[in-house]
Amino acid sequence: MAVSIFDNTPDNIQKASRILHQGGLVAFPTETVYGLGADASNPSALSRLYQVKGRPSNHPVIVHLADIEQLDAWTPKITSEMRVLAQAFWPGPLTMIVPKSPTVLDEVTGGQSSVGIRIPNHSVALALLQAFQGGIAAPSANRFGQLSPTTSAHVLDGLGNDIDMILEGGSCQVGVESTIIDLSQDQPRILRPGMISQAQIEAVLDYDLCMPVSSHSTTRASGTLPSHYAPKKPLYLLDSKDRYNQIETFRRKGQRIGLLSQVPADVDFWLEAPESPEGYAHALYGLLHEMDHAHVDVILVEQVPHEGLWQAIHDRLSRASIRLAVVQGGTDEG
Ligand code: TXA
Ligand code: MG
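Per chain, residue numbering runs from 1 following the sequence as it is written. Going through the entries in the order they are written, you letter the chains from A and number the ligands from 1. The model is predicted, so local features are restricted to residues of pLDDT at least 70 and side-chain atom pairs to those at 80 or more, both for listing and for counting; the totals for chains, interfaces and linings are taken over all residues. By convention in this description, side-chain values take in all heavy atoms of the structure and omit both hydrogens and water.

A. Spotlight on the domain arrangement of the protein. When its domains are assigned, the protein resolves into domain 1 (5-205) and domain 2 (235-333). In this entry, domain limits derive from an automatic or database-based domain assignment. Computed from C-alpha coordinates alone, the two centres of domain 1 and domain 2 are separated by 28 Å. Contacts are assigned to residue pairs with any non-hydrogen atoms lying within 4.5 Å of each other. Taken together, the contact between domain 1 and domain 2 spans 21 residues of the former and 16 residues of the latter. By definition, the buried area sums, over both parts, the 1.4 Å-probe accessible area that each loses when the two are put together. Here domain 1 and domain 2 share an interface that buries about 1,500 Å² over both sides, 62% of which is from carbon and sulfur atoms. When the buried area of domain 1 at its contact with domain 2 is split by residue, Leu147, Pro193 and Met195 rank highest and sum to 40% of it. Salt bridge, as used here: a side-chain nitrogen of Lys or Arg that lies within 4 Å of a carboxyl oxygen of Asp or Glu. For the pair domain 1 and domain 2, the number of links is one salt bridge. As a salt-bridge pair, Arg316 and Glu177 come within 2.8 Å of each other at their nearest N and O atoms.

See below:
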């Protein structure tokens, strides 16, 4: 049966909840990106989730909850850090990695002793979570390593008939995945930057986090792997100062060039890069999806700043661009 996109009416939200209880897979909107939901207490639903995503089974998934009251079921002890961060940022784009309760399935944690939890700030996600009355495991609704979806059309395009239902929720407001903070070790640290910045978290905790985001993290967070969040076409980051020469190099090779930058240039296809980090994050995956569908051979993206809220965008673009080296090395695993 062909999957279709359902309006987020109360009836369809009930239907989505029933599908999840029966072990099915439902894609739903959140404020960051669309998630691919499965019942976090159903091992066979989770194994199907991994299969559809094409994700290695030792990579953990985030559990989404409706309410802070439900946190007790997932972690043995709610610390003051968890409490203040939840109060400040939930519902919202922050995932907390916390020690797991004994009942949390290995299929959720990838066999680790911690679990990732988030309360999303999207009315459709919250209505679904309230109807479902439990934890919904949901990675981004894309195949492993590919671009995250920020519209229902992206989900349909990427996962199509392999899932049971897609709930409509418009285009995701934040646009990049949640900030992940690891609270399961001695010192809290950020594993994945997002639109809640390190400075905002430090202000709430009232101390500085010890380690900056590192791409050499040993924790199995797939969003921290190089070669992730990548379009199908090779993506290069352009140094603004040397832009003209870099574009010329590709042109001389006879390649059709797509360019994402603030100022236009003489290329085959140009998309305007938003000026603010919030605007850029919101548009990022949509722009890269558009580049993938355009009649171009390479995607050139003007480098963005590293600081503050730009960090999340810089991180995603860097990972998308690293993939090129892998492809050139002939070890593209698709
Ligand atoms: O914004 C988001 O976080 C979206 C929406 C749907 O909520 N979800 C998302 O899920 O980005 P996913 O699976 O694509 O990325 C979740 C990241 C992965 O890198 C995963 O490895 C990491 O969170 N993660 C989950 N549980 C973890 C744990 N216990 N320890 C370390 N990393 C964990
Ligand atoms: Mg993902």
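B. Examining the sheet that holds strand β11 (residues 235-238) more closely. The pairing criterion for strands is at least two bridges between them, as found by DSSP. Helix numbers and strand numbers start at the N terminus; a helix is a DSSP run of H or I with at least 4 residues, a strand a run of E with at least 2. With respect to topology, four strands assemble into an open sheet ordered β11-β14-β12-β13, the strand pairing being parallel. Looking at which strands have only one partner, the edges of the open sheet turn out to be β11 and β13 (269-272). If you compare each strand with its neighbour and ignore which way they point, the axes differ by 20° on average. With four bridges connecting them, β11 and strand β14 (residues 298-302) associate as parallel partners. Residue pairing across strands places Leu237 opposite Val301, the latter belonging to β14. Contacts from helix α8 (residues 243-252) reach β11, β12 (257-261) and β14 within the one sheet, and its direction differs from that of β12 by about 160°. Fitted lines through C-alpha atoms serve as axes, helices being fitted only where they are in contact, and the angles separating the N-to-C directions of these axes extend from 0 to 180 degrees.

C. Broad picture of the side chain of Arg316. Its location among the elements puts Arg316 in helix α10 (residues 310-328). When sequence neighbours within four positions are dropped, the list of residues in contact with Arg316 reads Val176, Glu177, Ser178, Arg192, Pro193, Gly194, Tyr229, Leu284 and Tyr285.

D. Fine view of the packing of helix α1 (residues 10-21) against helix α5 (residues 123-132). Contact geometry for α1 and α5: axes closest at 9 Å, N-to-C directions at 55°. Taken together, the axis directions place α1 and α5 in an arrangement best described as oblique. Pair α1 / α5 crosses with right-handed handedness. Contacts between α1 and α5 pair Ile13, Gln14, Ala16, Ser17, Leu20 and His21 from the former with Val124, Ala127, Leu128, Ala131 and Phe132 from the latter. Within the contact of α1 with α5, the residues separate by chemical class into eight nonpolar, three polar and no charged. Should an angle fall under 35 degrees it is taken as roughly parallel, and over 145 as roughly antiparallel, whereas 65 to 115 is taken as roughly perpendicular and any remaining angle as oblique. Note on convention: near helix rotated counterclockwise from far helix by under a right angle means a left-handed crossing. Clockwise means right-handed. In the scheme used here, Gly and all other residues not listed as nonpolar or charged are polar, with Ala, Val, Leu, Ile, Met, Phe, Trp, Tyr, Cys and Pro taken as nonpolar and Asp, Glu, Lys and Arg as charged.

E. A look at the packing of aromatic side chains. In this analysis, rings of Phe, Tyr and Trp, with Trp reduced to its six-membered ring, are considered paired at centre separations within 6.5 Å, and the interplanar angle assigns stacked below 30 degrees, edge-to-face beyond 60, and tilted for intermediate values. This structure, assessed with the given rule, holds three aromatic pairs. Ring plane angle 35° and centroid distance 6.4 Å describe the contact between Tyr229 and Tyr285, whose orientation is recorded as tilted. Remark: Tyr285 occurs in helix α9 (residues 277-293) and Tyr229 occurs in the loop between α7 (198-205) and β11; sequence separation between them is 56 residues. Each member of the pair, Tyr229 together with Tyr285, is buried. Two thresholds decide whether a charge sits over a ring: the Lys NZ or Arg CZ must be within 6 Å of the ring centre and within 35 degrees of the ring normal. Above the ring of Tyr229, the side-chain terminus of Arg316 is found at 5.2 Å from the ring centroid. The buried label goes to any residue with under 20% of its type's maximum accessible area, the exposed label to any with over 50%, and the partly exposed label to all in between, with areas taken from a 1.4 Å probe on protein chains only.

F. Just the pattern of salt bridges, in detail. The full count for this structure, using the stated rule, is nine salt bridges. The closest approach of N and O atoms between Arg48 and Asp164, which form a salt bridge, is 3.0 Å. One end of the pair, Arg48, is in helix α2 (residues 43-53); the other, Asp164, is in the loop between α6 (152-159) and β8 (165-167), with 116 residues separating them in the sequence. Of the charged contacts in the structure, one is a salt bridge between Asp162 and Arg143, with a shortest N-O distance of 3.0 Å. One end of the pair, Asp162, is in the loop between α6 and β8; the other, Arg143, is in the loop between β7 (136-137) and α6, and 19 residues separate them in sequence. One network of salt bridges, with partners in common, ties together Glu177, Asp315, Arg316 and Arg319.

G. Up close: the side chain of Thr109. Among the structural elements, Thr109 can be located in helix α4 (residues 106-109). For this analysis, a polar contact is any N or O atom pair within 3.5 Å, provided that within protein one partner can donate a hydrogen and the other can accept it, and provided that sequence-adjacent residues contribute only side-chain to side-chain pairs. A distance of 3.1 Å separates the side chain of Thr109 from the backbone nitrogen of Gly111, its partner in a polar contact. Apart from the residues within four sequence positions on either side, Thr109 is in contact with Pro60, Lys100, Val104, Ser114 and Val115.

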